[in-house]
Amino acid sequence: MTNVENAWLIALYPLLSAVLIMFFTHKSRKISMGISIAAVAIGFIHSLLLFFNFHGHEAYEANFNWIKAGDFHLEIGLLVDQLGIGMLLTVTLVSLLVQIYTHGYMDEDKGYTRFYSYLSLFTFSMLGLVISTNLFQMYFFWELVGVCSFLLIGFWWHKPSAAHACKKAFVTNRVGDAGFLIGLIMLYAFTKDFWSVDIATMSFTKIQEAINFAIANNGLEVVGLVSVTTIGILIFMGAMAKSAQFPLHIWLPDAMEGPTPISALIHAATMVAAGVYLMVRVFPICEITGSGALSFIAWIGGITAIFAATIALTQNDIKKALAYSTCSQLGYMIMSVGLGAPYIAMFHLITHAMFKAMLFLGSGSVILGCHHEQDMREMGGLRKYMPITAITFLIGTLSISGMPFFSGFWSKDMIIAKAYEVSPALFWIGTITALLTAFYMFRIYFKTFEGEYRGHAHPHEQPLAVTAPLMVLAIPSVILGLWGSPLMDYPLLKYFNHHFHAHGTGLSFFIHELTQPMGYLPFLAFVFGNLGAYLIYVKGITMQDKAVNVYVKEKFVPLYEGSVNKWYIDEAYEFVISLCMSFFRITWKFFERVVIEGIVINGLAWRGSEFVGEVLKLTQSGKVQSYILIMFLGLIVSVLIFMV
Amino acid sequence: MDWSIVSKILLPEFIVVFSIILTILLSLFEKTKKYVSAVATVALAIASFVASQTGIGGDVTKILNSAFISDTLCIYLRVLIYGVAALIAMASKKYLDNYESPAEYYPIFLSATLGAGFLAGVNDFLTLFIGLETLGLSAILLASYARKEKKSNESALKYLLTAASATSLLLLAMSFIYGVTASTNFALVASRVAQLQSIGVLSDKLEILIAALLVAAIGFKLAAAPFHNWSPDVYYGAPTTTTLFLSVVSKIAGFAVAIRVFGTVFHNEFLLPLLAAIAVISIVVGNFVGIIQVISRGSIKKLLAYSSIAQSGYLLVALTSLRLESVSSLLLYITIYALMNTAAFACVIHFERETGSDNIFDMAGLLQKKPMMAIVFVIALFNLAGLPFIPAGFIAKFFLFATAFSSGITYAPYLVIIALIGSVVALFYYLYVAKLVIVDAPSHKLQSIPDEGPAFDFTKLTAVLSTALLVIFSVWGMDFLQGMTEMAIYRIGV
């Protein structure tokens, strides 16, 4: 069972549990929960065994013919390499903990078993995405995770805001996926001859050869309207939507309408990271010399990182603030891919999955404790009432802000250090974002857990089912990063990439690095961000007799309002869409009223219409005339276009 | 004329004609009425099977004074048309029991199918006309079948009036063609037009006019925009079984005519831009207005009508390149389309029968009340949307667009991009309905129907059967189907 050939079972267990729950055990809460948790627990153990047993340098790949039609053939298969195992472990671990947590969180919900079946279904799709061997298979699971996310955001369908949020998530993701699909078709059209019978179509392991083949033989250009660059950018569009990159990030904060376990599992740790995983897999396409895709990706990532961080500064809803923080961190990962370091992106993906899942679960615990209150202005001082939640939340905050030796410190600073080598502008963006991150994360922590309680509920600590996952996740949030650090000679990065080469290793190298700008600037960002939040939200220092945050709010109205209102991106979208729609509507009205009814019916054909009108009294709308007229107009226009 | 060959080739049609007579006779007597639907279904199924056996060594055979041609394309399309019609006949039984004299529906249904089947092999403008009218007039009767319902009468009248205009366009085109070539036979027309074109006698203006008239007349049958306006109203008002017939069988017949006329008989440089234009307009109208339908709490039948307008647009994208490869991908897609649309409509028929409503919002929570139907319905919607779960619809769409993309025609890539953007928009409304069905709580309409437990029902059987075929094609039958469509274009005669 521990053979690598059986790794597909990891994805199969949750599927079985989803089917079982949906069709057989949905009446019993206990059995459904047991099946669901057991399935993913077995998957986690299986992934661990895989981790310890798989040491090959070559990826293991097995393909089965799925669809064969003429020259076109499609395989479904299993790809196991270090990258995949890393993802498998992350997904199964987070999913396992979230499912345990769900038992505590959803206990009073009517849709308890349905929720478990969706969770299992999602876990299956995500694991299927991870073990995909080719782009088509990945696209398949890509859509499936999208649909699961759609179903789960709208889980509380009776809330209008949830219904709206799931619509928005869906539409935004469609935009990205359209780009992805066009990229896929373009890529396939150029590399069609390369995928002979014994090469799986679009397999990740051969994608680099295929691209080189297309450039050499099929006249695929590197830069241009139809080129390697465009293919890279189009595929990246899919990642932009899934991983909430600017300007397609708008759905993620709204997706927080879903139950908190979903926010933790799908919208913080796993699905949103799928975009990063996709980019790591198709990195060879973007990497081709001369292609502009990488710098595009890096800049989108950088812009998202800083942009989302500025919004997170002013949000009062604890989950929304965390959602913008997720956006910003995903921006770091995407930036890292764009800087040519996909393995560092994977490193940050994994550490981020741990601490961000923990932060979300912690926020869920707070929300439960305050009787479904999400507004941080109604919280405060919760550390006294909920000590376990507070301590784990603090650990997560320290980790994400870049507290030295915590997980987030190693992975984030490595990205910033990489930016220092490649692009100074992105380095500064990364550093400033780190400063903002430290500030807004501590703002959340202080507002929620320190000071006096401002709400009206009776906060209380949560049962073990809720707190145990928090405590478990706290461990990797602190120590996991060490395996990617110079102190231990980068075992994790070397695991992902056998050719990983670092400038140096060991404690002395680490101290040397700290004396360089790329070392001390992010550290200073952490210190000052932290200190700023402390002074403002705990000490309450004043400026001209006003608390600093109030002072800023009053002095810099446009900036503050901009941040609170998410820089009006939603409004901008709405404006453009409504502009298009009203243009469409007005032209149509004009066409219908003036041209058809006015000129044609009333003008030319009034005698005829008297007769037809008699007949049409039977009908409701009496619009058959216009139907026929549109038909004839279509005909006349098409004739005229060519004749004139 | 060798009657043995004629009777061999037209055997499926003879079977259908025989079943028309038989169903009329059976519907006369109270006792035998209930067998009518079974007779129709079995006869069509047999006709479909027999049609597959009519090929004589893959040869092209012309019969009836070259008015009918039997080639591989004709065989494929007839098998498809009769097969799907059999499925629809099966789905109709229980639904029609609501109406007075349900049995008389079938003779008309069968003659409409006969017209459609005949169109698969037309080789003369006169037989083309006869086939189209047999199909069209019977379809009008089918649309008006719910005599006591106002909306059914209205839809039939609308269909009649618009169809009459379309027919006049076709006749005009035919008379021009006859005027130019002094023939109505496809082969003669094709060779004479080519002759005239080569010596430069045929004026451009006349060619444009004929092309535009043909596109309009055939575009009407395909419900392609801007010749589509009738379809949402007619689809909405007609009995749902008729809607299903119109959206599947009638559309396949329309494409059969389009492939023949545009592919082999009459083509010039003006035709392809025209087809491309109506493809784009269909995609835009079909998808964007579909959304408005969802927003304004419309009928699921209207929604599916817009969806089928958009699907016509996708199919027309393949037609614009008019290469053999793309015809093959068109046939593949239309086959899958027939199955998924049949499955979706069968669910609607079942739902409408149980609740008496066709409102989208009344379908909310179907999963909890009728899990089987809900799953079938959602699979059909996913396929129509081109989502890759049970990926027959996705693969077929991918083929369609990939062959168009690499067809070498300059504007083909843009068409594909427009089509993809359109299908993105469409996904929204398909999945909105899917979400209603899966996630939401049952509507009042659904809650009010009694729990009967799983009862056998032929409408359900149709739905399940078409979905099963989709699953089979998704999992291992795609190669077979693709082989069949390639065989279908192996010899297209003129």
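Here is what the cut-offs are and how they apply
- Residues numbered from 1 in each chain as written.
- Chains lettered and ligands numbered in written order.
- Predicted model: local features only at pLDDT ≥ 70, side-chain atom pairs only at ≥ 80, totals over all residues.
- Heavy atoms only, no water.
- Patch = residues over 30% accessible without salt bridge, like charges linked within 9 Å, V, L, I, M, F, W, Y side chains within 5 Å.
- Areas by Shrake-Rupley, 256 points an atom, 1.4 Å probe, with all protein chains shown as cover.
- Salt bridge = Lys/Arg side-chain N within 4 Å of Asp/Glu carboxyl O.
- Helix = DSSP H or I, 4+ residues; strand = E, 2+ residues; numbered from the N terminus.
- Buried < 20%, exposed > 50% of the residue type's maximum accessible area, 1.4 Å probe, protein only.
- Polar contact = N/O pair within 3.5 Å; in protein donor to acceptor, adjacent residues only side chain to side chain.
- Phe/Tyr/Trp six-rings, centres within 6.5 Å; stacked < 30°, edge-to-face > 60°.
- Contact = heavy atoms within 4.5 Å.
- Buried area = accessible area lost by both parts, 1.4 Å probe.
- Nonpolar A, V, L, I, M, F, W, Y, C, P; charged D, E, K, R; others polar.

A. Region of interest: a nonpolar patch on the surface. Residues and elements named next belong to chain A. On the surface, Leu435, Leu514, Tyr520, Phe523, Leu524, Val527, Phe528, Leu531, Tyr534, Leu535, Val538 and Ile541 cluster together into a nonpolar patch covering about 910 Å² of accessible area. Examining the composition of the nonpolar patch, we find that nine residues originate from one element, helix H23 (residues 517-539), more than from any other. Looking at the secondary structure, you find tyrosine 534 in helix H23. The exposure class assigned to tyrosine 534 is partly exposed, which follows from its relative accessible area of 32%.

B. Structural view of the side chain of Arg281(A). Residues and elements named next belong to chain A. Residue placement: arginine 281 occurs in helix H11 (residues 271-281). Polar side-chain contacts of arginine 281 include one of 3.0 Å to the side chain of aspartate 81. Among the polar contacts listed, one links the side chain of arginine 281 to the side chain of tyrosine 277, at a separation of 2.8 Å.

C. Just the pattern of salt bridges, in detail. Residues and elements named next belong to chain B. All chains considered together, the criterion is met by 17 salt bridges over all chains. Among the salt bridges present, the one from lysine 158 reaches glutamate 154, with a minimum N-O distance of 2.9 Å. Note that lysine 158 and glutamate 154 are positioned in helix H7 (residues 150-181) at a spacing of four residues, about one turn of the helix. With relative accessibility at 9%, the residue glutamate 154 sits in the buried group. Among the ionic pairs, glutamate 354 bridges to lysine 370, the shortest N-O distance being 3.8 Å. Of the two residues, glutamate 354 sits in helix H14 (residues 324-355) while lysine 370 sits in the loop between helix H15 (366-369) and helix H16 (371-385), which places them 16 residues apart along the sequence. Its relative accessible area of 23% is what places glutamate 354 among the partly exposed residues. Here lysine 370 falls in the buried class, since its relative accessible area comes to 18%.

D. Structural detail: the packing of aromatic side chains. Per the stated rule, a full pass over the model turns up 50 aromatic pairs over all chains. Aromatic side chains Phe136(A) and Phe394(B) sit 6.5 Å apart centroid to centroid with 65 degrees between the ring planes, which places their arrangement in the edge-to-face category. With Phe136(A) in helix H5 (residues 135-153) and Phe394(B) in helix H17 (residues 392-405), the pair connects residues from two separate chains. There is no split in this pair, since Phe136(A) and Phe394(B) are both buried. Ring geometry for Phe439(A) and Tyr537(A): centres 6.1 Å apart, planes at 55 degrees, overall tilted.

E. Looking closely at the interface of chain A and chain B. Counting residues at the interface gives 53 residues for chain A and 56 residues for chain B. Here chain A packs against chain B, burying approximately 5200 Å² in sum over the two surfaces, 83% of which is carbon and sulfur. The interface formed by chain A and chain B holds zero salt bridges in total. Here chain A is connected to chain B by zero residue pairs in polar contact (both at pLDDT 80 or more). Secondary structure elements with two or more residues in the side of chain A that touches chain B: strand S1 (60-69), strand S2 (72-80), helix H4 (112-130), H5, helix H6 (160-191), helix H27 (606-616) and helix H28 (624-643) of chain A. In terms of residue class, the side of chain A that touches chain B is made up of 40 nonpolar, seven polar and six charged.

F. Region of the structure containing helix H10 (residues 230-237) of chain B. Among the eight residues that make up H10(B), seven are buried, leaving the element largely enclosed by the rest of the structure. Along H10(B), the residues that are buried comprise Trp230(B), Ser231(B), Pro232(B), Asp233(B), Val234(B), Tyr235(B) and Gly237(B). Residues of H10(B) that are buried make contact with H28 of chain A together with H7, helix H9 (204-222), helix H11 (240-265) and helix H13 (300-321) of chain B.

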